[in-house]
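Chains, contacts and geometry: an overview
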Amino acid sequence: MFALVEKSLYVPALDLWIDSLRPRERGYVSHGHADHARAHETVVTSVDSARICKLRFRDAEVRFETHAYNEPWQLGEHRLTLFSAGHVLGSSQLLIEGEHGAFVYTGDFKLEPSFSIGPAEVKRCDVVLMECTYGRPQYVFPPRAEIAGAMVAWATRALEDGAVPIFYAYSLGKAQEALAILGGAGLPVTAHGAIATISQAYLEAGVSLPACERYDAERFDGLRVLLWPPSGRSLPKAVRGRAVRTASLTGWSVARETRAWGGGADTGFPLSDHADFPSLLRYLELAQPKRVLLNHGWKDFAQRLRRLGIDAEYLEANAQLALF
Ligand SMILES: [Zn+2]
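Thresholds, definitions, all that
- Residues numbered from 1 in each chain as written.
- Predicted model: local features only at pLDDT ≥ 70, side-chain atom pairs only at ≥ 80, totals over all residues.
- Axes fitted to C-alpha atoms, helices over the stretch in contact; angles between N-to-C directions.
- Helix = DSSP H or I, 4+ residues; strand = E, 2+ residues; numbered from the N terminus.
- Parallel < 35°, antiparallel > 145°, perpendicular 65-115°, else oblique.
- Contact = placed C-beta atoms within 7 Å.
- Core = buried A, V, L, I, M, F, W, Y, C linked by C-beta atoms within 7 Å.
- Buried ≥ 20, exposed ≤ 12 C-beta atoms within 10 Å, placed from the backbone.
- Domains from an automatic or database assignment.
- Pairing = 2+ DSSP bridges.

Here helix α3 (residues 174-184) crosses helix α4 (residues 193-204) at 75°, and the two axes come no closer than 9 Å. If you check the angle between α3 and α4, you find them roughly perpendicular. Counted together, Ala175, Gln176 and Leu179 of α3 and Ile195, Ile198, Ser199 and Tyr202 of α4 form the full contact between these two elements.

See the structure below:
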């Protein structure tokens, strides 16, 4: 049995919560984003996600049970394996194998490699529970190199015009990707403290990232690209009174009608750490599941899949599914 309780997934046979939004006794955390990571008494996660969780949970008393990618362990009658999700540092998918077959929980994932992390791995399975954030056909992202080129050109032009280019990017994942792109192109980059701290965790995990200066209002000279978390969309103190240009980094910016990136930014670049619509379909082609369960996204993606002859269902709250 596998149940969705209070929007959180629970596998009674393993006594394991999956990305539970409430702290539990024992919970698997697929990655360190705030909508997935909670300070459970025991956090089951990948080695690199534990680095991020430790930063996020700060002083909370948490026991970590860490596993490397593709090093299975036995839990009762089941064999569990974490493997790469290609989303942010340490992000993992969870494979549970037992006598009733193989089940994969994808968590947030991205198929293609990016400038700061490798691609997701896809394993064949009987049942997959997949996120479908961009599960509508208008969400097709341009090639990553093209987006990177546009970001570099935009920032370069802003600096030439005497304006401070500010990219709003999530502190975990998106900001390091932006740093890899912009710093990698030789642009001087200054990052908000939260971003600089997580970038340090990337370096400690062996990811090579260009250097960035930690933001200091006193020291900032206005001649550098600024990376800033979207939550702090108010302008940093040091740029007040200066010309600025702002950009959001989000996959939503490919579909102009949503304007989800608008939020005050001058422009948007569709730099995403999720799979776009074609990649979601590609994942299923590679994994060949008999049954597809969906969460975190568009409910009508399930109908689209059914029209393609795929047994798909969007998980509703409190669903009880007999899988194990
Ligand atoms: Zn995420």
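What follows concerns the nonpolar core. Residues Phe167, Ala178, Leu179 and Leu227 are the most contacted members of the largest nonpolar core, which totals 85 residues. Residues lining this core come from more than one domain, with at least three contributed by each of domain 1 (2-138 + 274-321) and domain 2 (144-244). Contact partners of phenylalanine 167, with chain neighbours within four places excluded, come to Ala178, Val225, Leu227, Ala247 and Leu249.

Next up on the list: the sheet that holds strand β12 (residues 164-168). If you trace the six strands from one edge of the open sheet to the other, you get β14-β13-β15-β12-β16-β17, paired in parallel fashion. Each edge of the sheet is formed by a strand with only one pairing partner; in this case those strands are β14 (213-214) and β17 (267-269). Here three bridges tie β12 to strand β15 (residues 225-228), and the two strands are oriented parallel to one another. Bridged to tyrosine 168 within β15 is tryptophan 228. Sheet strands in contact with helix α2 (residues 144-160) are β12, β15, β16 (244-249) and β17, and its direction is about 145° off that of β12.

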